[in-house]
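Understanding the architecture of this molecule
So the chains spell out like this:
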Amino acid sequence: MPAASLLQPNTIPHPPSDKPQCAESAELPHRHPPPQSDDVDEGFEDDFPDEFPFWYGGASGVQRMDGGAGDSRADGSSSDEESEDTLTEGGASTTAGSGSAKRRDTYRDQDSVLHYFIATSQSEQQLDEYLNGIIEAFLNDPSPVYATKPESAETLKSQFGKSIVPNRRMSTGDGASMEDYLRKVKANVIDKATRVSSPKMIGHMVSVPGVDFAILCAGADEEYCNPQNQTTALPYFHRPLARLLAAMNQNVVKLETASTMTFLERETIAMLHREFYLESDSFYDTYMHSAEHSLGVFASGGTVANITAMWTARNRALRAQPEKGFLGVEKAGLFKALKHYGYEGAVIVGSALMHYSFKKAADLLGLGDDGLCLIPTDENFQIRTDKLKEKIAELVADKILIIAVVGVAGTTETGSIDPLNDIATIARANSIHFHVDAAWGGPLIFSLEHRSKLAGICYADTITVDGHKQLYTPMGLGLILMRDPTLALHIRKTANYIIRNGSPDLGRYTLEGSRPATSLHLHASLHLLGRDGLGSLVTRSATLVRQMASRMHCHPNRAFQPLHDPSTNILLYRYIPKDLRSKVHDGCDLTEDEDDRIGDLTRRVQIAQASRGVVEDVDPSSSPTPSQGFVSRTRVSFRGRDVDALRVVIANPLTRWEDVESVLVEQVGIGEMVEAEVEREKRRRWVGWPFDM
């Protein structure tokens, strides 16, 4: 491993002590200047070849992986001399062209965020050996159980007192190498973490990890132990970290089984809380580790986080009034609570594109499907605030409690972002809880180019963020952030044997009971990828999708129709048959039958691309070639009709423009075959037609 350097204090300019006001304008304040470093390329390559003339102006986040050396020819080859170079990776020799060699070398650049996504066998083996030693010592060394705090609360708070996400680059002085980071985690977390596998740990019902777990995955089937089997690529360090967490087997429901992880989790929450809410140093000094307050809670995903947010909003709206003899909805139940406050019912209000988890929330809270009030969206798939105002006025007049108004920052179907500033104003004017589901789009907060799209999110009472989407953690990690540190008191629960009154146990505020310490994955992503690294990743993904939409507008075959201008890194589009392409691209209205034809072809193209193991070559004598890609499919309202659409989501940092282009090329070919098949079906229907009269 490279020589370690100590983690330097964070040198990023800090917000003033007084909380900055969240602008009502279209832009959020730029809290941190761009990193002052010569390494501005982040290791990304020029993804858009010369044959595609479109180029984004301004800060696009589209970067070079080849360091800018050499020009690309129109045929995609390098202008450098075409030669064969031999690469040595972990002792294995591979042969590649000079352009590939440069690219792979740049991948390994320790100051590039991408080097965490491409592991050599040597680098991962070294990390495995290092962690195996830690795991063996953790499981076998005769250390104390550490079921209670191993050090004073003040010491632990100082060790986990950072509320600013560091920049990744070591060249700026505040980044950390993998070795530095793990050394600090070992000293502050692992060495004095609760030994739940100890034979002396007889105070709680805890499953005991076997001593040999560290090598469990070594001989297992790859599919069994591969945490990269997710919707996006994962940095390689999460694989050994997952093994480490399984070996430690911490249960963060209570301090007694997570003596150090409890404080690490609170620190992680504070880091994200600060990104969205911009509070002062004194605020985080006061509330980050306060046992009687919470800046948020972790959950197993966005669904549980959204349910927790609605649970919190309901309990606050129907809180206790002891002076009137009412003990609150959590004691009296929903029916009596509504009656006490004079309501005829209760609803959750939000966009028609809200995540399905809100259906679950309405069901679990006793509201039923009728308790979910859906507001139509506009042509950009954003909630119509005029309809929102009308519906709120109607519900208030009918004495219906509005538990929460939900704004979506990145819908799962279209990636669209609701006008959060406008929704915040409406919610505040009517004293309604404002929740933002930012499970997908929340990481835009790290992007200098795109964070203004989240303007108004700092007014949200609660925010849902998913780590396993665009914060690059393994599956099963979400969290809810709370603007008011006292908000969690409305859902606080205690027991006599754990999560007691006055304890710092995190389980007092979570819907789930026993939970693994998966917060370490997010803690690692924030530290190792950093604010600047995460920002470059989400910016690049969004730019690739915008580039794809632009490519469709000027595609020589005019075979595709984008359904919207993408706000994030999700794009919906349709395959257009040849005889309708001029009509579609001239902006003419389509008949319902024509829309149905387009929908049928779009479905067939998606199914064919998804289900075919190979794509047959035009030359029947040639060998079949592997399928080039996969896109999903959804159904949305477009220009007054429900239509089928192809759905592209780009979040893999290793996706290149060539990959995107190959998907479109393949879809054009499949579309032509599908159209030919439809024509054959028509002819087959015609045969025998007179005899069917």
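Structure's up top.
Description of the structure in this document. Small disclaimer: the values here were computed from a predicted structure and weren't measured. (Residues numbered from 1 in each chain as written. Predicted model: local features only at pLDDT ≥ 70, side-chain atom pairs only at ≥ 80, totals over all residues. Heavy atoms only, no water.)

Take the environment of Leu420 next. Following the sequence through the fold, Leu420 ends up in helix α14 (residues 420–429). Residues Leu420 and Ala455, 35 residues apart in the sequence, show an inter-C-alpha distance of 6.4 Å. Among residues more than four places away in sequence, those in contact with Leu420 are Gly407, Val408, Ala409, Phe434, Val436, Leu454, Ala455, Gly456 and Ile457. (Helix = DSSP H or I, 4+ residues; strand = E, 2+ residues; numbered from the N terminus. Contact = heavy atoms within 4.5 Å.)

Another point: the sheet that holds strand β6 (residues 400–408). Read across the sheet, seven strands follow the order β3-β9-β8-β7-β6-β4-β5 without closing on themselves; strand pairing throughout is mixed. Only two strands of the sheet have a single partner each, and these edge strands are β3 (296–299) and β5 (372–375). Recorded for the sheet is a direction-independent mean angle of 20° between the axes of neighbouring strands. Note: β6 against strand β7 (residues 433–437), five bridges, orientation parallel. Bridging from a neighbouring strand, Val405 pairs with Phe434 of β7. Contacting β4 (345–351), β5 and β6, helix α13 (residues 385–397) runs over the sheet at an angle of about 165° to β6. (Pairing = 2+ DSSP bridges. Axes fitted to C-alpha atoms, helices over the stretch in contact; angles between N-to-C directions.)

Each aromatic ring pair is described using two quantities: the centre-to-centre distance and the angle formed by the ring planes. By the definition in use, this model includes nine aromatic pairs. Pairing Phe283 with Tyr284 gives two aromatic rings, centres 5.0 Å apart and planes at 80°, and the pair type is edge-to-face. Tyr284 carries the same exposure label as Phe283, and that label is buried. Judged by centre distance (5.6 Å) and plane angle (80°), the ring pair of Phe560 and Tyr573 falls under edge-to-face. One end of the pair, Phe560, is in strand β10 (residues 560–562); the other, Tyr573, is in strand β11 (residues 570–575), with 13 residues separating them in the sequence. On the basis of relative accessibility, which here comes to 0%, the residue Tyr573 falls in the buried class. The structure contains a cluster of three or more aromatic residues connected by ring pairs, namely Tyr116, Tyr236 and Phe237. Here Arg428 stacks its cationic end above the ring of Tyr459, 5.1 Å away from the centre of that ring. (Phe/Tyr/Trp six-rings, centres within 6.5 Å; stacked < 30°, edge-to-face > 60°. Buried < 20%, exposed > 50% of the residue type's maximum accessible area, 1.4 Å probe, protein only. Lys NZ or Arg CZ within 6 Å of the ring centre and 35° of its normal.)

Close approach of charged atoms allows side chains with opposite charge to pair. By the definition in use, this model includes 29 salt bridges. In this structure, the salt-bridge partner of Arg515 is Glu265, at a minimum N-O distance of 2.8 Å. With Arg515 in the loop between β9 (478–482) and α16 (519–528) and Glu265 in helix α7 (residues 261–277), the pair connects residues that are 250 residues apart, well separated along the chain. When sorted by exposure, Arg515 lands in the same class as Glu265, which is buried. The residue Asp461 makes a salt bridge to Arg316 at a minimum N-O spacing of 3.5 Å. (Salt bridge = Lys/Arg side-chain N within 4 Å of Asp/Glu carboxyl O.)

As a further point, take α7. Over its 17 residues, α7 extends 24 Å from the first C-alpha to the last, a length consistent with the 24 Å expected when each residue adds 1.5 Å. The buried count for α7 comes to 17 of 17 residues, which makes it a mostly enclosed element. Where α7 terminates, the next one or two residues include Leu278, which has phi positive at roughly 60°. (Expected span 1.5 Å × (residues − 1).)

With that settled, the discussion passes to the sheet that holds strand β14 (residues 632–638). Overall, antiparallel pairing links the four strands, which are arranged β10-β11-β15-β14 in an open sheet. If you trace the sheet from one side to the other, it starts and ends with β10 and β14, each paired once. The average angle at which neighbouring strand axes cross in this sheet is 45°, direction not considered. Where β10 lies against β11, three bridges are found, and the strand directions are antiparallel. Paired with Phe560 across the strands is Tyr575, a residue of β11. Most of the contacts of helix α19 (residues 592–611) go to strand β15 (residues 641–649), to which it runs at about 30°, and overall it touches β11, β14 and β15.

This part is about the packing of helix α2 (residues 121–140) against helix α6 (residues 238–248). Packing of α2 against α6 brings their axes to within 10 Å, and their N-to-C directions diverge by 5°. Regarding the angle of α2 to α6, the classification is roughly parallel. Contacts between α2 and α6 involve Glu124, Leu127, Asp128, Leu131, Asn132, Ile134, Ile135, Phe138 and Leu139 from the first element and Arg239, Pro240, Leu241, Arg243, Leu244, Ala247 and Met248 from the second. (Parallel < 35°, antiparallel > 145°, perpendicular 65-115°, else oblique.)

Okay, the side chain of Thr411 next. Along the chain, the position of Thr411 falls in the loop between β6 and α14. In terms of polar contacts, Thr411 uses its side chain to reach the side chain of Thr414, at 2.6 Å. With residues near it in sequence (within four places) discarded, Thr411 still touches Leu353, Ser416 and Ile570. (Polar contact = N/O pair within 3.5 Å; in protein donor to acceptor, adjacent residues only side chain to side chain.)

So, on to the side chain of Asp466. In this fold, Asp466 is placed in strand β8 (residues 462–466). A distance of 2.8 Å separates a polar side-chain atom of Asp466 from the backbone nitrogen of Gly302. Those residues within four positions of Asp466 in sequence are excluded, and the remaining contacts are Gly301, Gly302, Ala439, Leu471, Leu477 and Gly478.

Let us now look at the environment of Phe117. In this fold, Phe117 is placed in the loop between α1 (98–107) and α2. Phe117 gets classed as buried once you look at its relative accessible area, which sits at 7%. Considering only alpha carbons, one finds Phe117 and Leu654, 537 residues apart in sequence, at a separation of 8.1 Å.

Right, let's talk about unusual backbone geometry for a bit. Positioned with a positive phi, Lys399 is a non-glycine residue whose angle comes to about 60°. Looking at the element boundaries, Lys399 is found in the loop between α13 and β6.

A separate point is the pairing of β5. Summarising the sheet, β4 and β5 pair through four bridges and their orientation is parallel. In the strand pairing of β5, Val349 is matched with Cys373. Handedness of the crossover is the feature at issue here: the chain leaves β4, passes through helix α12 (residues 357–364), returns alongside β5, and the resulting connection is right-handed. (Right-handed = clockwise from strand over helix to strand, strands pointing away.)

As for its position among the elements, Gln667 is in helix α20 (residues 657–686). Residues Gln667 and Val605, spaced 62 residues apart in sequence, show a C-alpha to C-alpha distance of 6.7 Å. With residues near it in sequence (within four places) discarded, Gln667 still touches Phe560, Tyr573, Tyr575, Val605, Gln609, Val631 and Leu646. Side chain to side chain, Gln667 and Gln609 meet in a polar contact 3.0 Å long.

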